[in-house]
Amino acid sequence: MASNLPRLHELRHDPLSDRWTVMAPARAVRPHTTRAAPPSSPNTESCPFCPGNESKTPPELARTGPGGPGEPGWRVRVFPNLYPIVDGEIGTHEVVALSPSHDRSIGRLSHDEIVELFDLLADRVAAHERAGYASSQAIVNHGRAAGASIEHPHAQVLGLHLQPPTIVAEAKCLERSACVVCALQGSEGAPDSAFIVVAGDAPAWCPSASAFPYEMIVAPREHLATFHAGDSDAVVARAAVARTVSEALARLDATLDDPPYNVVVHAPPFATADFHCHVHIWPRISNLAGLELGTGIGANTVLPEDAAAQLR
């Protein structure tokens with residue numbers, strides 16, 4: 001008897017991470033008997049990241065917008081994390097309040113606002129290089145399921161005295177005869193690809209071997225070797241990436257009703273000779289289970305080409 005179910009099992013390889021993912025769309029219809037956690041109620045009065053509460057954070061490191069350090073008037077504001085993941089001999093951990101608004105996520109910033117944000121993130125990465133760190137990592141955790149503990153939308157930048165293994169692995173893939181990111185752009189990131197979400201100078205696409213449902217990569221067409229470079233070509237490429245991230249997140253929000261997600265900038269360790277900077281967007285609508293944790297093999301219940309079609 002013929003079945004109307006989609007392809008049940010397909011193993012796909014990601015040439016950028018060198019990892020494997022099993023595509024298992026039929027599992028999306030399996031029953032669930034566990035209960036989701038109830039949504040939290042917003043509390044803006046005591047939010048340490050809101051304007052007027054600057055004294056509740058450690059001393060300010062940088063800002064855009066008017067006003068002196070520790071005063072209102074800022075548009076984007078950077079300060080040390082009061083509860084850092086790393087410090088001292090391991091690294092430094094900073095918080096970046098994305099805007100004065102308590103409820104405007106990164107996906108709801110205007111194009112100009114997100115370009116300004118990415119430029120400030122690049123400035124912090126450059127500051128970490130000058131301070132002698134081995135690498136710097138810029139991330140946004142949106143929603144509790146993605147790791148955010150403070151509701152006010154914010155990014156984090158971590159200067160590390162080590163080279164992150166995931167990025168080192170990507171760098172090794174990029175050391176091959178041809179750039180893997182450039183190759184993926186020419187296939188999965190092409191304007192007529194089934195995987196494309198946003199075309200243009202910095203396309204967004206759902207990788208064919210996505211480990212997460214609705215996962216996306218954003219990368220500039222031009223080979224941006226260093227995220228925090230200050231030359232005109234790098235500034236233009238970084239702005240194109242920022243605008244596409246804004247568009248991609250807006251489409252994700254509209255498609256999945258503001259899901260939790262991680263936005264992670266993959267830039268090279270400072271000693272790396274060459275790289276192709278890019279941004280990963282990982283929606284957190286499914287949990288890692290025993291297979292993923294035990295084997296490193298992903299399990300995705302939404303075919304990336306189907307996800308891309310919905311996001312388009």
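Data block above holds the structure.
All values reported here derive from a predicted model rather than from experimental measurement.

Caption draft 1: Main features of the overall build of the chain. When you go through the chain residue by residue, the secondary structure sums to six helices and 13 strands. Compactness check: the chain gives a C-alpha radius of gyration of 20 Å against a globular reference of 20 Å for 312 residues, within 12% of the reference. With respect to the principal axes defined by its C-alpha atoms, the chain has extents near 70 × 50 × 35 Å. The buried share among the 312 residues of the chain stands at 51%. Looking at the chain alone, contacts between residues at least 24 apart form 62% of all its contacts between residues at least 6 apart. A total accessible area of about 15100 Å² is found for the chain, and carbon and sulfur atoms account for 54% of it. Of the charged side chains in the chain, 23 are positive and 35 negative, and the gap between their average positions amounts to 5 Å.

Caption draft 2: Fine view of the packing of aromatic side chains. Per the counting criterion, the structure on display carries three aromatic pairs. Taking the centre distance of 6.4 Å and the plane angle of 50° together, the rings of Phe-212 and Trp-282 count as tilted. In this pair, Phe-212 is assigned in the loop between strand E9 (204-205) and strand E10 (216-218) and Trp-282 in strand E12 (residues 278-283), connecting sequence segments 70 residues apart. Each member of the pair, Phe-212 together with Trp-282, is buried. Directly above the aromatic system of Phe-227 lies the positively charged group of Arg-238, at a separation of 5.9 Å from the ring centroid.

Caption draft 3: Representation of the layout of surface pockets in the model. Its volume calculated, the second largest pocket comes out at about 320 Å³. Around the second largest pocket, the lining is made up of 19 residues, and of these Phe-49, Asn-81, Tyr-83, Ser-149 and Ile-150 lie nearest the centre. Elements with a contribution of two residues or more to the lining of the second largest pocket: strand E5 (91-97) and strand E7 (154-160). Its residues assigned to classes, the lining of the second largest pocket comprises 10 nonpolar, eight polar and one charged.

Caption draft 4: Local environment of the sheet that holds E12. Strand order in the open sheet formed by 10 strands is E3-E4-E5-E7-E6-E11-E12-E10-E9-E8, and the pairing between neighbours is antiparallel. The open sheet terminates on both sides in strands that have one partner only, identified here as strand E3 (62-64) and strand E8 (196-198). Where strand E6 (residues 135-142) meets E7, six bridges bridge the pair, whose relative direction is antiparallel. Pairing of Gln-137 across the sheet is with Leu-158, part of E7.

Caption draft 5: Main features of the nonpolar core. With 67 residues, the main nonpolar core has Ile-106, Leu-117, Phe-118, Leu-121, Phe-227 and Val-245 as its most contacted residues. The biggest single contributor to this core is helix H4 (residues 232-256), with 10 residues. For Phe-118, the residues in contact, after removing those within four places along its chain, are Phe-227, Arg-238, Val-241, Ala-242, Val-245 and Val-279.

Caption draft 6: How the structure looks around unusual backbone geometry. At Asp-18, a residue that is not glycine, the phi angle is positive and equals roughly 65°. Inspection of the secondary structure assignment puts Asp-18 in the loop between strand E1 (10-14) and strand E2 (19-23).

What counts, and at which threshold
- Residues numbered from 1 in each chain as written.
- Predicted model: local features only at pLDDT ≥ 70, side-chain atom pairs only at ≥ 80, totals over all residues.
- Heavy atoms only, no water.
- Helix = DSSP H or I, 4+ residues; strand = E, 2+ residues; numbered from the N terminus.
- Rg over C-alpha atoms; globule rule 2.2 N^0.38 Å.
- Buried < 20%, exposed > 50% of the residue type's maximum accessible area, 1.4 Å probe, protein only.
- Contact = heavy atoms within 4.5 Å.
- Areas by Shrake-Rupley, 256 points an atom, 1.4 Å probe, with all protein chains shown as cover.
- Lys, Arg positive; Asp, Glu negative; His and termini not counted.
- Charge placed at Lys NZ, Arg CZ, Asp CG, Glu CD.
- Phe/Tyr/Trp six-rings, centres within 6.5 Å; stacked < 30°, edge-to-face > 60°.
- Lys NZ or Arg CZ within 6 Å of the ring centre and 35° of its normal.
- 1 Å grid on protein atoms, 1.4 Å probe; cavity = no way out; pocket = protein on both sides within 12 Å on 5 of 7 lines; lining within 4 Å.
- Points joined across faces, edges and corners; volume = space filled by probe spheres on them.
- Nonpolar A, V, L, I, M, F, W, Y, C, P; charged D, E, K, R; others polar.
- Pairing = 2+ DSSP bridges.
- Core = buried A, V, L, I, M, F, W, Y, C linked by side-chain atoms within 4.5 Å.

Taken by themselves, the reported measurements are silent on function.
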